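Below, each chain spelled out in residue letters.
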Amino acid sequence: MNKKVFVDQKPLHCPSQLKAIHDTMDILSGKWKITIIGCLSFGDKRFMDLMREVNGIGSKMLSKELHELEINGLISRTVQPTKPVTVEYALTAYGQTLRPILWEMADWGQHHRIKVKATFKGEVGNG
């Protein structure tokens, strides 16, 4: 007997949902891309600003990740005609569609951190 699963009153087709999740993970995979997008969601940044804010990333890796995000249409790169030349990165309108997902991730992460701390504190107190 086939049982249909519904999410928000829509039938959920597991294979197509999993494929969509896999596609998303391919674009956002790695240690840095989501953090870079998160930084840019607060406003345009220069390369060195991103280097400072994305703690632990090297310049070569940042350059690679920015290039991949630009190829996927999530960020834009604008070269300013200054001396020396400055480059600014920004979320595109398409990249901004990830904001609600990032805020949900941040919210979940904050709640999870509180839960873990409370659990750890309870274990330490019971020891």
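Data block above holds the structure.
Everything in this summary refers to the structure shown in the same document. Quantities reported herein were computed from a predicted structural model and do not represent experimental measurements.

Calculation notes
Residues numbered from 1 in each chain as written. Predicted model: local features only at pLDDT ≥ 70, side-chain atom pairs only at ≥ 80, totals over all residues. Heavy atoms only, no water. Patch = residues over 30% accessible without salt bridge, like charges linked within 9 Å, V, L, I, M, F, W, Y side chains within 5 Å. Areas by Shrake-Rupley, 256 points an atom, 1.4 Å probe, with all protein chains shown as cover. Salt bridge = Lys/Arg side-chain N within 4 Å of Asp/Glu carboxyl O. Helix = DSSP H or I, 4+ residues; strand = E, 2+ residues; numbered from the N terminus. Buried < 20%, exposed > 50% of the residue type's maximum accessible area, 1.4 Å probe, protein only. Core = buried A, V, L, I, M, F, W, Y, C linked by side-chain atoms within 4.5 Å. Contact = heavy atoms within 4.5 Å. Phe/Tyr/Trp six-rings, centres within 6.5 Å; stacked < 30°, edge-to-face > 60°.

A few words on a nonpolar patch on the surface. Taken together, Leu18, Ile21 and Met25 make up a surface patch of nonpolar side chains, about 310 Å² in accessible area. Mapped onto the secondary structure, leucine 18 falls in helix H1 (residues 14–28). Judged by relative accessible area, which is 49%, leucine 18 ranks as partly exposed.

Judged by nonpolar contacts, the single largest core of 19 residues is most densely connected at Ile36, Ile37, Leu40, Leu50, Leu66, Ile75 and Tyr89. Breaking this core down by element, the ones donating at least two residues are helix H2 (33–40), helix H4 (59–71) and strand S5 (86–91). A total of four residues in this core trace back to one element, the largest contributor, which is H2. Ignoring sequence-local partners within four residues, the contact set of leucine 40 consists of Lys45, Leu50, Ile75, Tyr89, Ala90 and Leu91.

A ring pair, where both rings are aromatic, is described by two values, the distance of the centres and the angle of the planes. What the rule picks out here adds up to one aromatic pair. Seen in terms of ring centroids, phenylalanine 42 and tryptophan 103 are 5.6 Å apart; in terms of plane orientation they differ by 55 degrees. Their pairing is tilted. Here tryptophan 103 lies in helix H6 (residues 99–126) and phenylalanine 42 lies in the loop between H2 and strand S3 (45–46), a separation of 61 residues in the sequence. Relative accessible area serves as the criterion here: at 64%, phenylalanine 42 is assigned to the exposed category.

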